[in-house]
Amino acid sequence: MLTAAIPFPDIGTDLFSTEIGSFTFALRWYALAYIVGILIGWRICLAAVNRPALWPPSGPPLDREQIENLLTWIILGVIVGGRLGFVLFYQPGYYLANPLEILKVWQGGMSFHGGFAGVGIAALIFCLRQKRSLLSTADLLALATPPGLFLGRLANFTNNELWGRPTDVPWAIIFPGEAAQVCDGITGLCARHPSQLYEALLEGLLLGTLLLYLAWRRGWLKAPGALTGVFLTGYGLARSFVELFRQPDMQFVTAKNPIGHALHFGEWGLTMGQVLSAPMIVTGLALIFYSFSHFGSAADQRPNTVV
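In what follows, the accompanying structure is described. Just so it is clear, the structure is predicted and the values come from calculations on it, not from any experiment.

### A few points about the packing of helix α1 (residues 29–49) against helix α5 (residues 134–158)
Right, on to step 1. With their axes 8 Å apart at the nearest point, α1 and α5 run at an angle of 160 degrees to one another. In terms of their interaxial angle, α1 and α5 are classed as roughly antiparallel. Here α1 runs over α5; the crossing is right-handed. On α5, the residues that touch Trp29, Tyr30, Ala33, Val36, Gly37, Ile40, Gly41, Ile44, Cys45, Ala48 and Val49 of α1 are Leu140, Leu143, Ala144, Pro147, Gly148, Leu151, Gly152, Ala155, Asn156 and Thr158.
Right, on to step 2. Grouping the amino acids of the contact of α1 with α5 by side-chain chemistry returns 15 nonpolar, six polar and no charged.

Next up, the structure:
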C-alpha cells in the first residue's frame, strides 16, 4: 500500500520551443545534456593535457588541435553506435521489419553500450591514423565521459523514461503516464524507483569524482590504461547494480519471466544491461592489472606540481 511518494516534477521535455512559420524549433533537455556533457568533457581533456606532470615521460597523448579533431569522431561514434546498439540489443525484430525507422533518432532509442562501442571504434581509428597512444587517449576519454552520463541520466528523468520498478520507499516517484501507472498488484497510484537518478549519482557523479581524484592526485595517468579500466569496471558495476531497480525491458518480459531477464535459468538471470556490462567489468579489471604490471612504478610517482 502506498504510504508516501513524491509527485513527478513535470518540467516538460523542452527547455524552450518557438514557432518559425510552420516550423517548430525546440531545444530538448536530452539534446542539451549531450551538448553540455561534450563541452564539459572537452574542457576536462584540455585541463589534463595542459598538465604534463600528470602523464608519462612521453607526455600527453594529444594536443589541443587533436582533441578538437577527435571530438568530431566521438560525436559520430556516440550517435551511430548508440542508435545501432539500441537496434541490435533491444529491438532487432522491429527494426528488421522497419529498417527506415533506424534513421529516426529524434524519436528516441539510444544504447549506452552501443555508444560506448562506437566511441571505442572511432578512437581506435583516430589513434591509428594519427599514430597516438590508444591507451592514454582512452584514459583521457574516460575522464571526460562521466559528466555526460550524469547529465544524460538527468535528462532521462525529466523525459519521464527508463523509470524504475514499483516500490514504497519514501523517495519513490509517481511518474505520469499510463505505462508508468501499470503496476501488477497495486491499486491506486503507483510509485517507482527513480532509477535514472541512481545512475546519475553512481555512473556520473561518484565515478567521475573517483577518476578525477585518481588522475590529479594519485598519478594514475602515468600508467596508461589504468583509468580506462577503472571507468569500465565502475560503470559496469554501477549499471549492474541499478538494473536491480530499473523497470525491466518489456520485450523480455513474459509470464514465466516477469523480471525481464535476457538470460535466465529458472528464477535466476541477468537483464540485458547486466549482460552487456559483464564484459566491461572483466575487461576493466584486466586493463587495471595489465597497466600496473607494466607501468606500476611510474604511477607510484604522484604528480607534485598539480593544483
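### As for the nonpolar core
The nonpolar side chains of a soluble globular protein tend to be buried, and buried together.
Right, on to step 1. Counting residues in hydrophobic clusters, the biggest one holds 37 residues, and the most contacted among them are Leu140, Leu143, Leu227 and Phe231.
Right, on to step 2. Beyond its immediate chain neighbours, meaning those up to four positions away, Leu143 contacts Ile44, Ala48, Leu211, Leu212, Ala215, Trp216, Leu221 and Leu227.
Right, on to step 3. Grouped together as the second largest cluster of nonpolar side chains are seven residues, Phe86, Tyr90, Phe252 and Met272 included.

### Some points on the side chain of Gln196
Right, on to step 1. Structurally, the position occupied by Gln196 is in helix α6 (residues 195–216).
Right, on to step 2. Given the relative accessible area of 1%, Gln196 is considered buried.
Right, on to step 3. Sequence-distant contacts of Gln196, that is, excluding residues within four places in its chain, are made with Arg153, Asn156, Phe157, Glu161, Leu162, Trp163 and Phe175.

### A short note on the environment of Leu214
Right, on to step 1. Its location among the elements puts Leu214 in helix α6.
Right, on to step 2. Not counting residues up to four positions away in its chain, the partners in contact with Leu214 are Gly219, Trp220, Leu227 and Val230.

### Description of the state of the cysteines
Right, on to step 1. One pass over the full model with this rule turns up one disulfide.
Right, on to step 2. At a sulfur-sulfur separation of 1.9 Å, the disulfide partner of Cys183 is Cys190. Around the S-S axis, the bridge from Cys183 to Cys190 shows a dihedral of about -85 degrees and counts as left-handed. Each member of the pair, Cys183 as well as Cys190, carries the same accessibility label: buried.
Right, on to step 3. With no disulfide of its own, Cys45 has Cys127 as its nearest cysteine by sulfur position, at a separation of 12 Å.

### Overview of the pattern of salt bridges
Right, on to step 1. A full pass over the atoms with the stated rule returns seven salt bridges.
Right, on to step 2. One salt bridge in this structure joins Arg64 and Glu68, with 3.4 Å as the shortest N-O distance. Separated by four residues within a single helix, Arg64 and Glu68 lie in helix α2 (residues 64–89), roughly one turn from each other.
Right, on to step 3. Judged by relative accessible area, Glu68 falls into the partly exposed class, the value being 34%.
Right, on to step 4. Two residues, Arg246 and Glu243, come together in a salt bridge whose shortest N-O distance is 3.6 Å. The pair formed by Arg246 and Glu243 is uniform in burial state, with each residue classed as buried.
Right, on to step 5. Each of Arg153, Glu199, Glu203, Arg239, Glu243 and Arg246 takes part in a single network of salt bridges with overlapping partners.

Procedures and definitions
- Residues numbered from 1 in each chain as written.
- Predicted model: local features only at pLDDT ≥ 70, side-chain atom pairs only at ≥ 80, totals over all residues.
- Heavy atoms only, no water.
- Axes fitted to C-alpha atoms, helices over the stretch in contact; angles between N-to-C directions.
- Helix = DSSP H or I, 4+ residues; strand = E, 2+ residues; numbered from the N terminus.
- Parallel < 35°, antiparallel > 145°, perpendicular 65-115°, else oblique.
- Left-handed = near helix turned anticlockwise from the far one by under 90°.
- Contact = heavy atoms within 4.5 Å.
- Nonpolar A, V, L, I, M, F, W, Y, C, P; charged D, E, K, R; others polar.
- Core = buried A, V, L, I, M, F, W, Y, C linked by side-chain atoms within 4.5 Å.
- Buried < 20%, exposed > 50% of the residue type's maximum accessible area, 1.4 Å probe, protein only.
- Disulfide = S-S within 2.5 Å.
- Salt bridge = Lys/Arg side-chain N within 4 Å of Asp/Glu carboxyl O.

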